[in-house]
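Next come the chains, spelled out residue by residue.
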Amino acid sequence: MYLIVGLGNPGRDYKWTRHNVGFEVIDKLAYDHHIEMNKNKFKAIVGQGTICGQKVLLAKPQTYMNLSGESVRDLKGFYKIETSDLLVAYDEVSIPLGEIRIKPKGSDGGHNGMKNIICQLGDDGFPRIRIGVGEKPAHYTLSDFVLSKFKKEEDPHIIDAITKATDAVQMMLKDRGNGLNTAMTAFNKKNQKPKEEKQS
């Protein structure tokens, strides 16, 4: 079984904010594959189903972003998920709006949700999809920017990014052996190494 986690903050006030694009990816996967997100387990809203022939557990931690790892740790342990079968989707300010980057493993890149997951698991060897939410304007603090809602003119770009992210998940699941590399080749921009910026 795969554990696919989208990061965000719970509550109506955070809907369609930059920090919640991970939740949006999970919602689209659930909708597209008829998976009901109707259970609350280990501090997360979860749904179980099948995507591209693979059993999956979709999860949206409800702990608020900075404590996301508590939920991921408990879900991973209870369902006996291998670290390599954990996939996390989350926002990234250093990637242009509408683009995504896929990494097989690595550091938290200054993202506090990822930082907590890595801390709680004691392991950073899991793939992740970073979703570009745009560069912070000079007059914003970083925390205010990631908690801001997308502007109307930005909607088509972030919808495209969410679609790319769900396509990437499906590509990864179709081929257990080489799906990650296939998705990286398809969606990662060549010769672009986004700078890392600390996120809230």
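So, a few notes on the structure that sits alongside this text. Fair warning: this is a prediction, and the values are worked out from it, not measured in the lab.

Section: the nonpolar core
In terms of nonpolar packing, the biggest core is built from 33 residues, with Ile 4, Val 56, Leu 58, Ile 100, Ile 129, Ile 131 and Ile 158 touching the most fellow members. Not counting the four nearest positions on each side in its chain, Leu 58 is found in contact with Ile 4, Ile 26, Leu 29, Ala 30, Ile 35, Met 37, Ile 45, Val 46, Gly 47 and Ile 51. Among the nonpolar cores identified, the runner-up in size contains 19 residues, and Val 46, Val 72, Leu 75 and Tyr 79 belong to it.

Notes on the pattern of salt bridges
Should their charged atoms come close, side chains of opposite charge can pair. Taken as a whole, this structure holds eleven salt bridges when the rule is applied. The network of salt bridges with shared partners includes Lys 15, Glu 24, Asp 27 and Lys 60.

Remarks on the pairing of strand S3 (residues 44-51)
One ladder, built from three bridges, connects strand S2 (residues 39-41) with S3; its direction is antiparallel. Paired with Lys 41 across the strands is Ala 44, a residue of S3. Turn length for the S2-S3 hairpin, with the two strands adjacent in sequence and antiparallel, is two residues, and the turn residue Phe 42 shows positive phi of about 50°. Looking at chain direction, S3 and strand S4 (residues 54-61) are connected through eight bridges and run antiparallel. Paired with Ile 45 across the bridge in S4 is Lys 60. Where S3 folds back onto S4 in an antiparallel hairpin, the turn is made up of two residues, including Cys 52, whose phi is positive at roughly 55°.

Each value, and the rule that gives it
Residues numbered from 1 in each chain as written. Predicted model: local features only at pLDDT ≥ 70, side-chain atom pairs only at ≥ 80, totals over all residues. Heavy atoms only, no water. Core = buried A, V, L, I, M, F, W, Y, C linked by side-chain atoms within 4.5 Å. Buried < 20%, exposed > 50% of the residue type's maximum accessible area, 1.4 Å probe, protein only. Contact = heavy atoms within 4.5 Å. Salt bridge = Lys/Arg side-chain N within 4 Å of Asp/Glu carboxyl O. Pairing = 2+ DSSP bridges. Helix = DSSP H or I, 4+ residues; strand = E, 2+ residues; numbered from the N terminus.

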